[in-house]
Amino acid sequence: MAEPFNPFPIYGYFGPSYFCNRQREKENIISALRNGRNITLYAPRRIGKTGLIHHVFHHLDKKWNCVYLDVQEAFSFKDFTNALLAAVLNSVSKNNSVLKKFQEWILTLRPVMSANPHSGSLQLEIDFASDAQQRTTVKEALRLLDSFGPGVIALDEFQQINAWDTDSISIEGWLRSEVQQLKNIRFIFSGSQFHLLSEMFNSAKRPFYASTQAFALGKINASDYITFIQQHFKDNRLKIGKEEISQILSWADGNTYNIQLLCNRVFSKTKKETNREVIDESILEIYAENKLSYLALSTSMSRYQWRVLTAIAQQGKVYQITSKDFITTYDLGSSASVLRALEFLTSRELVYQYLDDAGKPFYEIYDIILMRWLQKK
Ligand SMILES: Nc1ncnc2c1ncn2[C@@H]1O[C@H](COP(=O)(O)OP(=O)(O)OP(=O)(O)O)[C@@H](O)[C@H]1O
Ligand SMILES: [Mg+2]
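Residues numbered from 1 in each chain as written. Chains lettered and ligands numbered in written order. Predicted model: local features only at pLDDT ≥ 70, side-chain atom pairs only at ≥ 80, totals over all residues. Heavy atoms only, no water.

1. Re the packing of aromatic side chains
Okay, step 1: Evaluation of the coordinates by the stated rule reveals 25 aromatic pairs.
Okay, step 2: Ring plane angle 75° and centroid distance 5.5 Å describe the contact between Y13 and F19, whose orientation is recorded as edge-to-face.
Okay, step 3: When the ring of F158 is compared with that of F208, the centres are 5.8 Å apart and the planes differ by 90°; the resulting orientation is edge-to-face. Linking F158 in the loop between β5 (151-156) and α6 (168-180) with F208 in the loop between α7 (194-202) and β7 (213-216), this pair joins segments that are 50 residues apart in sequence.
Okay, step 4: Through pairs of rings, three or more aromatic residues link up here, namely F8, Y225, F228, F233 and F267. (Phe/Tyr/Trp six-rings, centres within 6.5 Å; stacked < 30°, edge-to-face > 60°. Helix = DSSP H or I, 4+ residues; strand = E, 2+ residues; numbered from the N terminus.)

2. Quick notes on the domain arrangement of the chain
Okay, step 1: Partitioning the chain into structural domains gives domain 1 (22-216), domain 2 (221-295) and domain 3 (301-377).
Okay, step 2: When each unit is reduced to the centre of its C-alpha atoms, the spacing between domain 2 and domain 3 is 27 Å.
Okay, step 3: Domain 2 puts 13 residues into the contact, and the matching count from domain 3 is ten residues.
Okay, step 4: Contact between domain 2 and domain 3 buries roughly 1000 Å² in total, counting both sides, with carbon and sulfur atoms accounting for 66%.
Okay, step 5: Among the residues domain 2 hides against domain 3, the three largest losses belong to D253, Y287 and Y294. Together they make up 62% of the total.
Okay, step 6: In this assembly, domain 2 and domain 3 are joined by zero salt bridges. (Domains from an automatic or database assignment. Contact = heavy atoms within 4.5 Å. Buried area = accessible area lost by both parts, 1.4 Å probe. Salt bridge = Lys/Arg side-chain N within 4 Å of Asp/Glu carboxyl O.)

3. Here's the deal with the nonpolar core
Okay, step 1: Membership of the largest hydrophobic core comes to 56 residues, with the highest contact counts inside it found for I229, L309, I312 and L370.
Okay, step 2: When we break this core down by domain, the ones giving at least three residues each are domain 2 (221-295) and domain 3 (301-377).
Okay, step 3: Not counting the four nearest positions on each side in its chain, I312 is found in contact with V318, I321, F326, L342, L345, V351, Y363, E364 and I365.
Okay, step 4: With 46 residues, the next largest nonpolar core counts V88, F128, V138 and L197 among its residues. (Core = buried A, V, L, I, M, F, W, Y, C linked by side-chain atoms within 4.5 Å. Buried < 20%, exposed > 50% of the residue type's maximum accessible area, 1.4 Å probe, protein only.)

4. Observations concerning the pairing of strand β4 (residues 122-125)
Okay, step 1: With four bridges connecting them, strand β3 (residues 112-115) and β4 associate as antiparallel partners. Note that in β4 the partner of V112 across the bridge is E125.
Okay, step 2: Between β3 and the antiparallel strand that follows it, β4, lie six residues; G120 among them carries a positive phi value of about 80°. (Pairing = 2+ DSSP bridges.)

5. A short note on the site of ligand 1
Okay, step 1: Not every one of the 22 residues close to ligand 1 is listed here, only the nearest: I10, R45, K49, T50 and G51.
Okay, step 2: The backbone of I47 places a nitrogen or oxygen atom 3.2 Å from an oxygen atom of ligand 1.
Okay, step 3: Relative to its unbound accessible area of 620 Å², ligand 1 is 90% covered by the protein chains.
Okay, step 4: Put simply, the parts of the chain that give the shell around ligand 1 at least two residues each are α2 (49-59) and α10 (256-269).
Okay, step 5: Split by residue class, the shell around ligand 1 holds ten nonpolar, seven polar and five charged. (Near = heavy atom within 4 Å. Polar contact = N/O pair within 3.5 Å; in protein donor to acceptor, adjacent residues only side chain to side chain. Areas by Shrake-Rupley, 256 points an atom, 1.4 Å probe, with all protein chains shown as cover. Nonpolar A, V, L, I, M, F, W, Y, C, P; charged D, E, K, R; others polar.)

6. Considerations on the pattern of salt bridges
Okay, step 1: According to the stated counting rule, one finds 15 salt bridges in the structure shown.
Okay, step 2: The salt bridge partner of E289 is R265, with a shortest N-O separation of 2.9 Å. With E289 in helix α11 (residues 276-299) and R265 in helix α10, this residue pair connects regions lying 24 residues apart in the sequence.
Okay, step 3: When salt bridges that share partners are traced, they join R265, K269, E281, E285 and E289 into one network.

Listed below in structure tokens is the structure:
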């Protein structure tokens with residue numbers, strides 16, 4: 001596995017040394033897969049779902065064929081079919097005898113093949129005549145993979161299939177019945193749009209109802225992240241104090257991507273020992289890089305919607321958005337207008353509803369960097 005240039009990578013998976021904790025989550029998922037249970041993995045954005053999927057793949061026994069597919073990149077059922085076939089092909093490419101069988105079958109479909117210039121992985125395009133032909137092809141690919149022994153297919157951002165220009169419920173129903181017929185293949189369905197994914201798996205009207213084990217992925221324990229950060233600095237003959245790490249974790253609000261992003265900067269700027277100034281300077285750099293997109297965001301909504309967004313940011317966590325206290329503190333007018341603005345902000349995924357440890361719901365800005373930027377205004 002390639003080494004990252006900085007021990008705090010912000011893209012991709014570089015192996016267990018650069019991955020903090022998730023021990024229990026990894027073991028629970030592996031145990032579910034080994035015991036024949038499919039999984040739904042829920043988490044807000046950038047908490048580490050995709051990373052965890054690759055971490056699980058890394059720890060599964062070599063005999064498992066591990067297929068990863070980002071459904072968000074498939075804008076239609078046809079894209080999905082092509083991407084799934086390519087993902088299976090890339091996964092089995094490590095095993096010569098299996099690869100040969102899969103290649104022989106796929107060549108009968110006359111694909112146009114190419115290599116992705118960035119990752120080097122194989123891409124393919126088959127010109128399907130109909131939806132029915134695509135369904136038959138997916139079915140055959142799954143059956144073939146199933147015949148190769150244990151395997152796992154991760155369909156990341158699976159809720160995206162609802163956005164296709166086809167009858168997605170009928171696709172869900174068909175896929176569910178295909179999934180059920182496989183003996184050796186397990187599935188991980190994951191996504192960050194909780195309401196969409198939860199509707200698919202928890203509504204009695206939907207085909208996937210009660211068919212998977214749910215995993216909600218939370219923030220990484222702070223004391224584990226402190227040890228992880230300190231160790232990486234130490235391995236590079238650098239020092240960072242607990243107080244400085246706490247400053248990083250609290251700015252990032254425990255969000256994995258933001259912690260990595262800030263640690264990446266701070267690490268690159270540290271000469272021998274880091275301090276508060278280095279951290280502040282790194283934060284300012286991050287704000288400066290995002291400023292233009294935040295200004296564009298402000299012009300993409302009404303002034304009132306922007307004011308409500310700013311008020312939520314300044315409050316941090318908002319438990320009662322229509323309370324007199326919140327409305328008067330930020331001078332927001334009527335509760336009906338606040339609710340309308342909130343509906344807009346949640347539909348654009350700028351604001352998210354979370355549950356606290358006691359199960360009480362609250363609203364918070366999705367993008368913590370945007371939240372911090374609005375807080376300092
Ligand atoms: N346990 C971890 N230790 C260190 N870095 C991690 C860990 N988990 C995730 N990361 C890093 O944090 C960033 C965000 O993680 P990831 O992409 O897995 O999140 P995600 O929940 O899939 O996000 P999205 O909602 O955008 O798909 C990535 O750069 C990833 O490498
Ligand atoms: Mg992801």
